[in-house]
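Structural overview for review
Each chain is listed here by its residues.
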Amino acid sequence: MAAAAARSFGPEREAEPAKEARVVGSELVDTYTVYIIQVTDGGHEWTVKHRYSDFHDLHEKLVAERKIDKSLLPPKKIIGKNSRSLVEKREKDLEVYLQTLLATFPDVAPGVLAHFLHFHFYEINGITAALAEELFEKGEQLLGAGEVFAMRPLQLYAVTEQLQQGKPTCASGDAKTDLGHILDFTCRLKYLKVSGTEGPFGTSNIQEQLLPFDLSIFKSLHQVEISHCDAKRIRGLVASKPTLATMSVRFSATSMKEVLVPEASEFDEWEPAGAALEGTVTAIIPMWQALTALDLSHNSISEIDESVKLIPKIEFLDLSHNGVLVVDNLQHLYNLVHLDLSYNKLSFLEGVHTKLGNIKTLNLAGNLLGSLSGLHKLYSLVNLDLSDNRIEQMEEIRSIGSLPCLEHVALLNNPLSIIPDYRTKVLAQFGERASEVCLDNTVTTEKELDTVEVLKAIQKAKEVRSKLSNPEKKVSEDSRLSAAPCVRPSSSPPTVAPTSASLPQPILSNQGILGDE
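Keep in mind that this is a model prediction, so the values were computed, not measured.

Once that is clear, we can look at the overall build of the protein. Helix and strand content of the protein: 13 helices and 18 strands. Put simply, the protein has 517 residues, and 42% of those count as buried. Counted over contacts in the protein with a minimum sequence separation of 6, partners at least 24 positions apart contribute 52%.

Below, the structure written as structure tokens:
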């Protein structure tokens, strides 16, 4: 089914196969029989259940509206209506009835028949007709309210297919079902949510998450949420680059490129618009000019690739619950202040300060971290979550203990969190700032601060005792210093320490945040 859907998503289209409706069985519910109908439309199949009285109501309406033969429906039986022989005969007769109706209306089924067979849920024409009628009646109200409008991938697939078929926008003759109502609405919509399903949709075999669809009909989107779709099958999202400020794509992607630069698959080398061009470049890709918040959590992303060059205005980036191994390429995001990399596969953080110079909130929970040495220069960091990692040694906390802005730290579910007096020992690493730090979402108490002062005093005493216990080292150092001549002989030129451009230069305190980018 998914392959059939993918094949139909393009300029070359096969002729539409005739729809079929077969009565494949029945079941007794209370005192009446329900007939099970299997409807087939190309590669799509779904099941509908109706009792005989539903068929009778449908027939009455078709006789009145479409003047079909009144004797077409098998007659009603009162006595023995649930007997097995009657039910089996009726199954065959009702199937002939439905097949005759579909053959009578091969292009567009009458509304009552389409609704009876659940075309408004599963069939392209029925889906778009139902959506168009809804927007004809409520579209202006929905746009005026400024709320998020939810659509299914199947609806978007149906609209895409309708547009590609090149048929009249109102094939049924009912102005309320004109495709133009959908296009007018989507052109002005600002907030869109597209949610697929895991597994088959409804009673059908349709795998919504594998359906292709085109989002270029949306011209004014400010926010879009997409979940349980296939990012590789989504087209036209880049048409929203000038306006889109917030984007969420979850349970849908295997790489960042699939979302941010789907054109990359067509070009060997590409560069973002405005970048200095080096070497052979086969394409210039426009930036996401307005995008400030991007949620790509709960996907199967393994790397932070170079597509981030296209989102320079990003302030909030959520890549949690993926398979990211290395923090890379984020030096291109100068405005990034909130980064969520929780529940990935990070095992080291060396040099991370060169890529996260301005970060204020960093979530690294649920990774494989045993060392925090790479965090010691994140001078603007305020909130840090390191819970559910592999941190064992209290010495690791020293890497973050000197960060001047850090206020909230989470370390629960690390091996060190079971150490006796864990909280006070961690807080002691922050020195004079211990009272300003909230550990594991718990405000530091006065009692804990008193204990911290005791620990600091003990540590200081240990340091003094260590110096006193090594007097020989101190004497030798003093002797070496006193033996050094204060005045050099005039015959000896002064010795000047060699200078080298490769030596590290001192960093001013106000450069610590940006200077290592």
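Next, the rest of the story.
All right, on to the packing of aromatic side chains then. Inspection of the entire model under this criterion finds six aromatic pairs. On the numbers, 4.8 Å between centres and 70 degrees between planes, the contact of Phe149 with Phe185 is edge-to-face. Here Phe149, found in strand S4 (residues 149-151), pairs with Phe185, found in helix H8 (residues 179-188); they are 36 residues apart in sequence, far enough to count as distant. Members of the aromatic cluster, connected to one another through ring pairs, are Trp46, Phe119, Phe121, Tyr122 and Phe201. Over the face of the ring belonging to Tyr32 we find Arg51, whose NZ or CZ atom lies 3.7 Å from the ring centre. Of note, Arg90 hangs over the ring of Tyr52, and the distance from its end group to the ring centre comes to 4.0 Å.

Summed over the entire model, instances satisfying the criterion amount to 15 salt bridges. Two residues, Arg188 and Glu140, come together in a salt bridge whose shortest N-O distance is 2.4 Å. Linking Arg188 in helix H8 with Glu140 in helix H6 (residues 124-145), this pair joins segments that are 48 residues apart in sequence. Its relative accessible area of 52% is what places Glu140 among the exposed residues. Between Arg152 and Glu208 there is a salt bridge whose closest N-O contact spans 2.7 Å. Of this pair, Arg152 sits in the loop between S4 and helix H7 (153-165) while Glu208 is found in the loop between strand S5 (191-195) and strand S6 (213-214), placing the two residues 56 residues apart along the sequence. Here the salt bridges share partners, and the residues they tie into one network are Asp230, Lys232, Arg233 and Glu258.

Glancing now at the sheet that holds strand S2 (residues 32-41). Spatially, S1-S2-S3 is the arrangement adopted by the three strands of the open sheet, whose pairing is antiparallel. Both outer strands of the open sheet, strand S1 (20-29) and strand S3 (44-51), are each paired with one neighbouring strand and no more. On average, adjacent strands in this sheet sit at an angle of 25 degrees to one another, irrespective of strand direction. Bridging between S2 and S3 involves eight bridges; their strand directions are antiparallel. Paired with Ile37 across the two strands is Val48, which belongs to S3.

Another point: the sheet that holds S4. Strands belonging to one sheet form pairs held by backbone hydrogen bonds; the direction of such a pair is parallel or antiparallel. The strand order S4-S5-S7-S9-S12-S13-S14-S15-S16-S17-S18 describes an open sheet built from 11 strands, whose pairing is parallel. Two strands lie at the open edges of the sheet, namely S4 and strand S18 (438-439), each paired on one side alone. Of the pairings in the sheet, the one linking S5 to strand S7 (residues 223-227) comprises five bridges and is parallel in character. If you follow Ser195 over to S7, its bridge partner there is Ser227.

Glancing now at unusual backbone geometry. The phi dihedral of Asn413 falls on the positive side, at around 60 degrees, and the residue is not glycine. Along the chain, Asn413 falls in the loop between strand S17 (408-410) and helix H11 (422-428). Although it is not a glycine, Asp440 sits at a positive phi angle of roughly 55 degrees. Residue placement: Asp440 occurs in the loop between S18 and helix H12 (446-468). Taking relative accessible area as the criterion, Asp440 reaches 11% and is therefore assigned buried.

A grouping of Leu325, Val326 and Phe348 is seen on the molecular surface, where their side chains present a nonpolar patch of about 260 Å² in accessible area. Among the secondary structure elements, Leu325 is positioned in the loop between strand S13 (316-318) and strand S14 (338-340). Note on Leu325: relative accessible area 46%, which makes it partly exposed.

Among the residues of H8, Leu179, Ile182, Phe185 and Thr186 are the ones counted as buried. One side of H8 holds all its buried residues, which, seen down the axis, span an arc of 125 degrees. Each element contacted by the buried residues of H8 is listed here: H6, S4 and H7.

If you trace the backbone, Ser387 turns up in the loop between strand S16 (383-385) and helix H10 (398-401). Ser387 sits in the buried class, given a relative accessible area of 10%. Apart from residues no more than four positions distant in its own chain, Ser387 is found in contact with Ala365, Gly366, Ala410, Leu411, Leu412 and Asn414.

Attention shifts here to the packing of helix H2 (residues 52-66) against helix H3 (residues 84-104). Axis separation between H2 and H3 bottoms out at 12 Å; the angle between their running directions is 30 degrees. Here H2 lies roughly parallel to H3, going by the angle between them. Crossing of H2 over H3 shows left-handed handedness. On H3, the residues that touch Tyr52, Phe55, Leu58, His59 and Leu62 of H2 are Arg90, Leu94, Tyr97, Leu98 and Leu101. Looking at side-chain class alone, the contact of H2 with H3 contains eight nonpolar, one polar and one charged residues.

Moving on, we come to the pairing of S1. Pairing of S1 with S2 involves nine bridges; the strand directions are antiparallel. Bridged to Val29 within S2 is Tyr32. The turn joining S1 and S2, which pair antiparallel and follow one another in sequence, is formed by two residues; a positive phi near 55 degrees is taken by Asp30.

Okay, the confidence of the model for the protein next. Per-residue pLDDT for the protein averages 85, and the proportion of residues at 70 or more is 84%. Predicted confidence is poor over residues 474-517, with pLDDT under 50, and the contacts of this stretch with residues over four places away or in other chains come to 20 contacts.

The rules we used
- Residues numbered from 1 in each chain as written.
- Predicted model: local features only at pLDDT ≥ 70, side-chain atom pairs only at ≥ 80, totals over all residues.
- Heavy atoms only, no water.
- Helix = DSSP H or I, 4+ residues; strand = E, 2+ residues; numbered from the N terminus.
- Buried < 20%, exposed > 50% of the residue type's maximum accessible area, 1.4 Å probe, protein only.
- Contact = heavy atoms within 4.5 Å.
- Phe/Tyr/Trp six-rings, centres within 6.5 Å; stacked < 30°, edge-to-face > 60°.
- Lys NZ or Arg CZ within 6 Å of the ring centre and 35° of its normal.
- Salt bridge = Lys/Arg side-chain N within 4 Å of Asp/Glu carboxyl O.
- Pairing = 2+ DSSP bridges.
- Axes fitted to C-alpha atoms, helices over the stretch in contact; angles between N-to-C directions.
- Patch = residues over 30% accessible without salt bridge, like charges linked within 9 Å, V, L, I, M, F, W, Y side chains within 5 Å.
- Areas by Shrake-Rupley, 256 points an atom, 1.4 Å probe, with all protein chains shown as cover.
- Arc of directions from axis to C-beta.
- Parallel < 35°, antiparallel > 145°, perpendicular 65-115°, else oblique.
- Left-handed = near helix turned anticlockwise from the far one by under 90°.
- Nonpolar A, V, L, I, M, F, W, Y, C, P; charged D, E, K, R; others polar.
- pLDDT = per-residue confidence, 0-100.

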